[in-house]
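Each chain, written out:
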Amino acid sequence: MTSSGVAPRQEGGAALRLLRDGELTVEGRLVDASNTTLRALLTLDGVSARCVYKPVRGERPLWDFPEGTLAGREVAAYLVSAATGWDLVPPTVLRDGPLGPGSCQLWIDEPPDSEPLVGFVPADSVPARWFPIAAARDDDGTAYALAHADDPRLARLALLDAVINNADRKGGHVLVGPDDRIHGVDHGVSFHVDEKLRTVLWGWADRSLPDDAVDMLARLSRQLAGPLGADLAEHLTRGETAALAARIDRLRESCRFPRPSQDWPAVPWPPL
């Protein structure tokens with residue numbers, strides 16, 4: 001459960017209605033976020049749930065993304081995720097709030113005993129079925145590896161990131177919910193027309209896509225030419241939607257996970 005009454009799988013109905021129409025009361029600010037990111041409580045017809053509210057007015061200007069567009073990109077990532085049928089991004093809408101329009105995403109509570117799937121581990125004892133991604137050392141010179149689990153749930157998220165051109169997949173943006181589902185959050189710097197994929201999930205780079213991923217891309221391409229494309233037009237430019245379609249086509253042609261770019265930092269900083 002995300003809080004009292006609404007679970008992520010209800011995104012087709014109750015969750016979206018609560019996000020759009022619920023009374024939104026800000027509880028506090030997430031101080032580690034670079035943009036204004038607020039935790040809030042939603043209530044509607046006796047049902048309540050927490051959410052992450054990111055007002056447009058709190059977005060920090062970026063040199064490579066148009067000003068005031070990050071909230072819409074959060075919603076676009078949810079729309080694409082929902083269209084895949086994998087439901088990796090929590091339900092997200094664009095709505096008005098105490099600080100004006102912004103994205104509103106269902107809060108995911110991670111159980112306190114959940115095991116992280118991404119992190120720094122001693123370089124000489126990377127867990128079995130984990131992929132080392134990058135080398136690092138602490139202040140004492142001890143060697144560590146940035147690594148992630150070889151988990152099919154993460155592989156799906158890695159492919160979604162390639163589709164939406166996510167420029168900021170940190171380990172802290174990968175959440176494991178109470179139902180053991182993987183959730184990806186924080187997609188404000190996605191859908192750029194230029195190649196900007198930055199992620200900690202490079203373990204499958206240049207490996208073949210599983211059959212269900214190839215089938216998903218085919219469905220996604222068809223939907224992009226219809227209702228999905230119409231919905232994305234409210235949040236992305238025509239050029240960005242065309243670039244999205246081109247990325248899907250390239251992935252379908254190669255049937256492989258992408259490789260890190262040589263022209264753009266491959267791993268975000270900080271990685272977690």
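Preceding block: the structure.
Numbering of residues starts from 1 in each chain and follows the order in which that chain's sequence is written. Only residues with pLDDT of 70 or above have their local features reported here, since the model is predicted, and side-chain atom pairs are shown and tallied only from 80 upward, although totals for entire chains, interfaces and linings are computed over all residues. The basis for the side-chain values is all heavy atoms of the structure; hydrogens and waters are excluded.

Participant: Talk me through the sheet that holds strand S7 (residues 130-137); I want residue IDs and the actual numbers.
Facilitator: What holds strands together in a sheet is hydrogen bonding between their backbones, with the strands either parallel or antiparallel. A pair of strands is labelled paired if DSSP reports no fewer than 2 bridges between them. In this description a helix means any DSSP run of H or I spanning at least four residues, a strand means any run of E spanning at least two, and both kinds are numbered starting from the N terminus. Reading across from one edge, S6-S8-S7 is the order of the three strands in this open sheet, with antiparallel pairing throughout. The sheet is open, and its two edges are formed by strand S6 (118-122) and S7, each paired on a single side. The mean inter-strand angle of the sheet, taken between neighbouring strand axes irrespective of direction, is 35 degrees. With seven bridges joining them, S7 and strand S8 (residues 143-149) adopt antiparallel strand pairing. Counted as the bridge partner of alanine 136 is tyrosine 144 from S8. Axes here mean lines fitted to C-alpha atoms, for a helix over just the part in contact, with angles spanning 0 to 180 degrees between N-to-C directions.

Participant: I'd love a proper account of the pairing of strand S3 (residues 47-55), names of residues and values included.
Facilitator: When accessible area is computed with a 1.4 Å probe and restricted to protein chains, residues below 20% of their type maximum are described as buried, those above 50% as exposed, and intermediate ones as partly exposed. The element S3 is extensively covered by neighbouring structure, given that seven of its nine residues are classed as buried. Where strand S2 (residues 38-44) and S3 come together, seven bridges link them in antiparallel fashion. Counterpart to leucine 41 in the pairing with S3 is arginine 50. The sheet contact formed by S3 and strand S5 (residues 102-106) spans five bridges and is antiparallel. From the neighbouring strand, lysine 54 faces S5, where its bridge partner is serine 103.

Participant: Go over the environment of proline 111, please, and point to the residues and values.
Facilitator: Relative to the helices and strands, proline 111 resides in the loop between S5 and S6. Taking relative accessible area as the criterion, proline 111 reaches 22% and is therefore assigned partly exposed. Counting along the chain gives 66 residues from proline 111 to glycine 177, while the straight-line C-alpha distance between them is 6.9 Å.

Participant: Quick one: what's the story with the packing of aromatic side chains, residue by residue and with numbers?
Facilitator: Here is the rule: rings of Phe, Tyr and Trp (six-membered ring for Trp) pair when centre to centre is within 6.5 Å. Planes less than 30 degrees apart are stacked, more than 60 are edge-to-face, and the remainder are tilted. By the definition in use, this model includes two aromatic pairs. Ring geometry for phenylalanine 131 against tryptophan 204: centres 5.5 Å apart, planes inclined by 75 degrees, an arrangement best described as edge-to-face. Remark: tryptophan 204 occurs in the loop between strand S10 (182-184) and helix H4 (211-224) and phenylalanine 131 occurs in strand S7; sequence separation between them is 73 residues. By relative accessible area, phenylalanine 131 is classed as buried at 12%. A relative accessible area of 7% places tryptophan 204 in the buried class. An aromatic cluster is defined as three or more aromatic residues linked by ring pairs; in this entry it consists of Phe131, Trp204 and Phe257. One Lys or Arg, arginine 39, reaches over the ring of tryptophan 107 and ends 5.2 Å from the middle of that ring. Whether a charge sits over a ring depends on NZ of Lys or CZ of Arg being within 6 Å of the ring centre and within 35 degrees of the ring normal.

That is the geometry; function is a separate question.
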